[in-house]
Each structure stands twice: as C-alpha cells, then as structure tokens.
Amino acid sequence: MASCHASKKDRDTVVIDIENSPTNLDIRIGSDAQAEHIGALIFDAPVSKDEHGNLQPWLAERWEWPDPRTLVLHIRDGVHFHDGKPLDATDVAWSIDSMHNGSIITSKAGAFARVDRTEAPDPRTCVVHLKEPDGGLLFNMSDGLFAVVERGAGTALGEHPVGSGPFVFVSQVQDKEVELRANDSYWAGAPHLRRLRFDIVPDAITRALELRKGSADVASNALTMDTVYSLRNDPRLVTESQPGSIVNYITFNVRDPLLAEERVRQAFEYSLDRPAIIHALWRDHARMTETLLPQQHWAALHPGEVQPYTHDVAKAQALLDAAGYKPDAHGVRVRLTLKSSTDDTMRLLAAIVQQQVRDAGIELTLRQNEFGTFYSDVTKGAFQMYVLRWVGSNEDPEIFRYAYASDRMPPKGGNRGHFSDAEVDQLIAQGAAEASQIDRRATYVALQHRLHALAPTAALWSLDNVVVHTRRLRGVNATGSGSFAWLRTASIVPE
C-alpha cells in the first residue's frame, strides 16, 4: 500500500503504522486489537485498568455493591461528548443495556447476560441490577472493552463514532487510514498531540522503512524482532520494551471429527518446540505460558502449578497411536489445516509450526488471508485451527467465560472453537460468584488445570510489548497491554 508521507506542514500529525484496519471503531462491537486500541482513544469507559489489571475510577468516580446483585456507579460531572452533549447516567445505562437487549449485535453480549436492567435515578447515578452475581462485570466495562455512547446510539455508530474520549474521530478510509484530532475540551486534560493518523501498512518491511524515513512515527508490536534488532542502532529511532500481557495461541475447532479427540489436541501441543520458536522468532522477547492470563495476574498459574506441554515427539506419537491414528506410507497420521493472517510474523509462525509438527506425523496445510477475511472466518467458525493473539481482553479471569463457556459461542461470545465441558462451565460460574479473591484464585487455578488437560487452546507464550518510535516523540510508554493509552500524554519534542 502506498502510504501518505508526513510533510513539514503537518509536523503536528503523529503517524502510527498498524497492520490492518479496525473491524469496527464502536468497541461495543469491534473486538479485534486495532478496534479496541483506537476505539479506546475515542470513547471513555466507567473504569480503567492499571498495569496490574486492577480497576480504577474513570467516568465512574466511585462505585459500590449494596448487595451481590446491585452495582451503583457514581458518574463524574462535567463530561461532554464530542458533539457537545453532556454525558450523564442515562447514557451509561443505555450503553450497558445495549450490550444485551438486541440494540446491537456483538460477540461481547454474553459478558452482560447477567444484567437484568439498569436505571438512572438522577443524572449522576447509574444502578445496574443483576439476575445473579457477576464478579467480572466491572472488568467488562473497562477501557478498550466497553464504550459509553450517547443514549440511542445504534449499529451505525462505528461509521462515524462520537464518544467522550481524548481524541475526536475525523475520518476513516478502509485499508488506508484512520484520522483523529485532539479533544481540546477533554475532561481529564487535553492531549498534547494535535492529530493522529493510523496508516494501514500490511507489510512489516514497509513499516520499518517508513520509520527509517520519518514518514511514520510509531510501530507498536507491529515489527518482527529481527526488524526491531536491525533498527536499534538507528540514531533517529528509540525502542521501548517491557513484559506484556499479549498471548499468542492456537484454537482447535472441537466440532471437527479429528480435533474432537482431546488426545489429538494434546499430541499437537507436545509436537511443538516452543522455546525454539521463542528464540528464533522473538529473539527471547517472550515467555512460555500455559494459560491465557498474563503471568503477573493474581489468578494466573504459578510456575510448578501445572506440568507444561514440553517438546516430546514420542509422547505425541503415542497419543496419536492411542487415538487410533497410525502412520501411513509417508509417515502421516493426521492431516490438519491451520489458518492465519498474512501478517509477516503470523506467516512465519505458521510455517515453523508446520515444520515442527511434521515429526509427530501431523501434516499441516496453511491457509493465509488478509486480516479482515481471516477474522471473518474465525468468528464464523470456518476453520480447523487458527493462530492469533489475545490482546487486552485476557487481563481478567473473564477471558475464560468469554473463550470457553458453553453459552459463549459466536455470536454471543468468543468460544470460536465450540468447546463445551460441564466442569469448566461450573468452575467459570463459581469463580464469577465468589467474593473473596483467595477463593476465586483457588477456583480459577482448578479451572486452568482442567482447560490445560482438555487442551481446547494451545496457549503458546506471553509476548513482550515492543514499541519503536522516532525521537521527535517523548512520553512513549510500552504498556503491558499494548494499548495506545500513552498517546493521551505523549508530546512532540520542540524543534
């Protein structure tokens, strides 16, 4: 794609290169990383997540639970939408109700299924009544996952989003760019950056070249590690890096006759040499994981709490033997297809996986499409296996309900592999209903043990968040979640 190059007259525009267009900037609906990261700059949420996943006040100055089925949100005064309309509790109530009452169609609807009704007794108070306790509700109303919209906003909002966030939507051209400008009336303080342009640049080499030329200012988790290393000695560029919460994973479609057999899924996991991939593809800027939760999370499995899937070809072959899959004349036991996007790193990862699993007798065919087509197949369940990243939404145990609960299959949630297990459902419900974090952790550890054994997903590794930017920017913070929250406070170095 030919990109627009920054010129002297638009020095105030910061250009961020991203791999693909957001699917929908209304983040009540858009669930991909670009939608949630850019949408979080346009919209506000009742609460925000800090670096440890703890919830902090945002549009809601405070909240309380009078009882386990009632949440009271106290909405801050003086907030306005980008069109000048004041934001009040009726907007918050509408936004929550729209997630489950059919006003919009969204895969996030399942996260609000326990909501019975809302009310706004006064402009500053929103009361949420639940059908049953829900320990994950506030997380599902946090930044990047949820948007407070104007009362009455429907399915067309994503075409020209109007929020109350630090940046105002200007324009969007599919597969080309998204433009935002600073909200000078932002209640939390106007951003220093005047304009943002997110250029859609699918090719990683082109993204690196644009950084070198200065026609792009930022690439966040959008470069291969080999490219990052090649740029580290460029005096015009800075690399920021820290351990992140983004998890690479492979999902198995358990409706498929081959993958319905858990021993086949387990064999696939044992056929992978994850340390070798981390070293070759990520230059050791990733850490093995057995769970979708970030490793620093209070509910995540600690080292030693579960036996990891280590590289063991003999064990993989034994599992396939036990499942009845003997090698043919070519040594092939099973034939599977793995889907991925055409993103450079995903293509390389898929190719390495294809090579590794061959030793166990698994012949893997690769199917790769541009992100929009690939993600459409994922959400429709049109795959045997796919490889992707969990970004942001995996920062709370709610990820287990979204990804694995029997009642969270698309379009009601993210259980795209159509996995179903009664014990998993029971543990998910138990963890959501418990009040004590100690009790919840014990429940979620048991849940992660069960998921690890059944292997509906191969959790691969937790990635470092790596941001490469030009030196004309300061205040860049490579947040663990990989979000663009730092754009609220970053600035351009004066000439």
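Let me sum up the structure you'll find in this document. Everything numeric here is computed off the predicted structure, so don't read it as measured data. (Residues numbered from 1 in each chain as written. Predicted model: local features only at pLDDT ≥ 70, side-chain atom pairs only at ≥ 80, totals over all residues. Heavy atoms only, no water.)

## Description of the nonpolar core
If you look at the biggest cluster of nonpolar residues, it comprises 51 residues, and the most contacted ones within it are Ile250, Phe268, Leu336, Val353, Met385 and Trp461. For this core, the element with the highest residue contribution is strand β17 (residues 457-470), accounting for six residues. Core analysis: the second largest hydrophobic core is formed by 32 residues, Leu25, Leu41, Leu180 and Leu473 among them. (Core = buried A, V, L, I, M, F, W, Y, C linked by side-chain atoms within 4.5 Å. Buried < 20%, exposed > 50% of the residue type's maximum accessible area, 1.4 Å probe, protein only. Helix = DSSP H or I, 4+ residues; strand = E, 2+ residues; numbered from the N terminus.)

## Digging into the sheet that holds strand β7 (residues 125-130)
Ordered in space as β4-β5-β7-β6, the four strands form an open sheet in which the pairing is antiparallel. At either margin of the open sheet sits one strand with a lone partner, and together these are β4 (60-67) and β6 (115-122). When the angles between neighbouring strand axes are averaged without regard to direction, this sheet yields 20°. In this sheet, strand β5 (residues 70-75) lies alongside β4 in antiparallel orientation, the contact comprising five bridges. Following the sheet pairing, Trp63 is matched in β5 by Leu73. (Pairing = 2+ DSSP bridges. Axes fitted to C-alpha atoms, helices over the stretch in contact; angles between N-to-C directions.)

## Quick look at the pairing of strand β12 (residues 237-252)
Strand direction decides the pairing type here: β12 and β17, joined by twelve bridges, are antiparallel. Of the residues in β17, the one forming a bridge with Gln242 is Asn465. Across six bridges, the pairing between β12 and strand β16 (residues 385-390) is antiparallel. Bridging from a neighbouring strand, Thr251 pairs with Tyr386 of β16.

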